[in-house]
Structures are given as structure tokens and as C-alpha cells.
Amino acid sequence: MTDAVRILSIDGGGIRGIIPTMVLQAILGKTKAQDAFHLIAGTSTGGIIACGLAKPNPLSLDQILSLYVDHGYDIFNKDTQNRLHTVAGPRYQPDALVSQLQAELADTYLSDVKNAELLVPSYAIRLPEPDEYGNTAASMFFRSWQARGLLLSGQPADKYDFKLTEIARATSAAPTYFPPAAIHNKAGQAFTMIDGGVFANNPTICAMVEAYHLYHSTEFLIVSLGTGMMPSQIDANAAASWSDIAWASPIISILMDGNAQTVAFEIDELLGEDQYTRLDVSLTSPTPQGETIDSAMDDAIQGNLKALQDKATQLIASRQTQIKSLGIELAKPKAAIQPMTSLPTTSLISKLRTATVS
């Protein structure tokens, strides 16, 4: 697939970002993600990884893994956790997270991203001004090409340009875990953001549509990386009488995991295995070493970090042939496909149907 638009998509999942980071290491080896892919997309923890991979002088995957393994407990510190979070305030303050993001992403702007395009979803609970429909809250996509002035809708590029540090903070501001993120674009406008996982925890279908708008192509090579599957275990009888507070924690997992699984199914139905590879692993069974996984997005104790790494190793071993094949393909130079200057006039679904029939 020498002319295919190559897309990397990484799910949200908090500390479970260990899994896609290690899987990507196994796929790419010494190849940089910028050299392998045209578009890098990520939500929440996947958005943090995507920002690190797409920025000029990208972070190595070892550096990204260190963010989880060496600094995960600083970010999700149970010793300083707000014990009253079920009734007042988020579980954690974002200071340690912001400090790590600032150290790794510094003052890089979205417009500085050029070697591979970047797409990161987040949700604005407060826009600086009503949108065209009069809404003051809306889903948002941080797009590197818009920050550079491509495919704009009459607005100046600086309104789409944000620091990567603030983008990463915005997309990972998971409700109940962290407070909303207050960020500003280069034009000085203020936004209040929460985690993109509330609507696009698996951003693959978003990335595919954006890639079609950007390149007008329906030839894809998509690598979609999950952060582990563990459906919420809910007592149906007890849930019948749950209050708002009782639903607050499980509903976040249901929204994010449900979105991830649904999108994975939809893309597989649309494209099939020739253009799409999904790599994810169940967390319901113990690791080969006998460890039990805590799937909570904030369990960063040493034992769980080790168990997540062992689960990633298990996934890599179980899909070794596929991972090796992907690595060989992605090590080849990616096609020199230039972004378009106008949106396509035909829908992606219509184009896919035409391609399937022909």
C-alpha cells in the first residue's frame, strides 16, 4: 500500500497508556512515528502520547514510557488524593501532570507540528464566544494543519493555535479525576476543556474522516492502539437504585470503554484487515505471571505498573506476526502526499462505497 495515508490512533485510558506505548515500540523499533505516519491522533492519555510523538524533536517512546512508569504515581498520588471527591472536588490536582507536560512539551505550539499531522479531541465546556449554532459548549478537535492556516473556515490561524502542553492537559482532563483545563489560543481567547474521551475515547473514526478531508484519499493504513479492555462489572440489581453520585464513577468508564469498542467494530466493518489493524488486550484475565490487573485509570502503584507492562508484553507476543509485518511496512518511506487546500465535495462513505464496488 505504497500510496496509502498512514494513520496512528491511540485511545485514552490514563495510566494504561503504558500498553499502547510498549506496543508502538514493538512495531516501530528505531523508526520515528513522524516518519512512519501521515497523521497521528490520540485522545486523553493517547493525546499526550500523540503530542510527544508529533512535536518537532519528538519524544522517544522510552521517554514516554518513563512518564508512566517513573512519574505515574506523582500524577495519581493516592497519598494526596482528595478523599471527599465523591461529593466535593476532583480526585487529583493537576500540578504534577502539568509539570511533566511542561518539561516534555515546553512551549511548542500546534503550528510547529509539520512532519506528521496531529489530531487531538477535547470537549469545551466553555467557549470564548458562541459557535455558529449559538452553542457555548462543543466538542473540539485540535488540528495541526488548521493551526498552520490550512482548511480554515474564515477564521485566522492563531485562533486554532495552542501550546501542546495545554492541548495535552485539555484532552486528559477526565471529569472526577482532574479539574477542567483553562487554556488559551495564540489569539488570547480563553477555553475551559474536559477530556476528549467523553465523546471520542477511540479517535480512529475521527482520524479517518479528517485524513479524508486533508488528503482526499480512501486508501488507508490505520494502526489503532487500545489501552486494555475491561468492561465495567456492575451489579444490575444494585444499579436500579443508584443515585447521581453512585453512577458518577462507573459512567465514565462505560462511556470511554463503550466508545472505544464501538469505534473499533465500526472501522473494522468499513475497512477490513487490509487497511486496518486494531491492537488491544483484555484486562479481565491475569498476566502470564499471575498478576491481576486493576483497570482503573489512576492505579499507578508499582505492582499495577508492572502488571500493565506484562500485559503489553503478552499482547505483543500474541500478535507477533502482525506486529512484525506492520513494522516492515512502516519502515518503508511513507508516500509524499500533500495536504489539500479545499474540502472534498464527495462524502467519505460515498467514496468508500465506490471503491468497494470497483
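Below you will find a few notes about this structure. (Residues numbered from 1 in each chain as written. Predicted model: local features only at pLDDT ≥ 70, side-chain atom pairs only at ≥ 80, totals over all residues. Heavy atoms only, no water.)

**Comments concerning the overall build of the protein chain**
A tally of regular secondary structure across the protein chain gives 15 helices and 8 strands. Its C-alpha radius of gyration of 20 Å places the protein chain within 12% of the 21 Å reference for a compact globule of 358 residues. Over its C-alpha atoms, taken along the principal directions, the protein chain stretches across nearly 55 × 50 × 40 Å. Buried residues in the protein chain amount to 51% of all 358 residues. (Helix = DSSP H or I, 4+ residues; strand = E, 2+ residues; numbered from the N terminus. Rg over C-alpha atoms; globule rule 2.2 N^0.38 Å. Buried < 20%, exposed > 50% of the residue type's maximum accessible area, 1.4 Å probe, protein only.)

**Considerations on the pairing of strand 5 (residues 181-184)**
Because side chains alternate across strand 5, one face comprises the buried residues A181 and I183, and the other comprises A182 and H184, none of which is buried. Hairpin connection from strand 5 to strand 6 (residues 190-195): 5 residues lie between these consecutive antiparallel strands, with G188 at a positive phi of about 90°. (Pairing = 2+ DSSP bridges.)

**Let's talk about the state of the cysteines**
Counted by the stated rule, this structure contains 0 disulfides. Cysteine C51 remains unbridged, with the sulfur of C206 as its closest cysteine sulfur at 15 Å. Assessed through its relative accessible area of 0%, C51 is described here as buried. A relative accessible area of 16% means that C206 is categorised as buried. (Disulfide = S-S within 2.5 Å.)

**Comments concerning a nonpolar patch on the surface**
A cluster of nonpolar residues, I234, W247, I251, I254 and L255, forms a patch on the protein surface that exposes about 360 Å² of accessible area. Take I234: it is sitting in the loop between strand 7 (220-225) and helix 11 (236-239). (Patch = residues over 30% accessible without salt bridge, like charges linked within 9 Å, V, L, I, M, F, W, Y side chains within 5 Å. Areas by Shrake-Rupley, 256 points an atom, 1.4 Å probe, with all protein chains shown as cover. Salt bridge = Lys/Arg side-chain N within 4 Å of Asp/Glu carboxyl O.)

**Topic: the packing of helix 3 (residues 45-54) against helix 8 (residues 164-171)**
Axis separation between helix 3 and helix 8 bottoms out at 7 Å; the angle between their running directions is 160°. By the angle between their axes, helix 3 is roughly antiparallel relative to helix 8. Helix 8 is crossed by helix 3, and the crossing has right-handed handedness. Packed against helix 3, whose contacting residues are G47, I48 and C51, the element helix 8 presents L164, I167, A168 and T171 at the interface. Looking at side-chain class alone, the contact of helix 3 with helix 8 contains 5 nonpolar, 2 polar and no charged residues. (Axes fitted to C-alpha atoms, helices over the stretch in contact; angles between N-to-C directions. Parallel < 35°, antiparallel > 145°, perpendicular 65-115°, else oblique. Left-handed = near helix turned anticlockwise from the far one by under 90°. Contact = heavy atoms within 4.5 Å. Nonpolar A, V, L, I, M, F, W, Y, C, P; charged D, E, K, R; others polar.)

**What about empty space enclosed by the protein?**
Counted according to the given criterion, the structure contains 2 cavities of 30 Å³ or more. Size it by volume and the largest cavity reaches roughly 190 Å³. Considering the residues around the largest cavity, the lining is formed by 17 residues, among which G14, T45, I48, F76 and F178 are closest to the centre. Listed by contribution, the elements that provide at least two residues to the lining of the largest cavity are helix 3, helix 4 (61-69) and helix 5 (72-75). For the lining of the largest cavity, the per-class residue count stands at 11 nonpolar, 5 polar and 1 charged. Considering the residues around the second largest cavity, the lining is formed by I48, I49, G52, L59, Q63, I64, L67, L101, E104 and L105. When residues of the lining of the second largest cavity are traced back to their parent elements, those giving at least two are helix 3, helix 4 and helix 6 (95-105). Per-class residue counts for the lining of the second largest cavity are 7 nonpolar, 2 polar and 1 charged. (1 Å grid on protein atoms, 1.4 Å probe; cavity = no way out; pocket = protein on both sides within 12 Å on 5 of 7 lines; lining within 4 Å. Points joined across faces, edges and corners; volume = space filled by probe spheres on them.)

**Some points on the pattern of salt bridges**
Applying the stated rule across the entire model yields 13 salt bridges. A salt bridge links D107 to K163; its shortest N-O distance comes to 3.3 Å. Remark: K163 occurs in the loop between helix 7 (144-147) and helix 8 and D107 occurs in the loop between helix 6 and strand 3 (117-126); sequence separation between them is 56 residues. Using a relative accessible area of 47% as the deciding quantity, one classes D107 as partly exposed. E210 is the partner of R143 in a salt bridge, and the nearest nitrogen-oxygen pair spans 2.8 Å. A residue pair is termed long-range when its members are at least 10 positions apart, and R143 in strand 4 (residues 138-143) and E210 in helix 10 (residues 204-215) qualify at 67 residues.

**Some words on the side chain of T192**
For T192, the location among the structural elements is in strand 6. By relative accessible area, which is 13% here, T192 ends up buried. In this structure T192 touches Y123, A124, I125, R126, P180 and A181, once residues within four positions along its chain are discounted.

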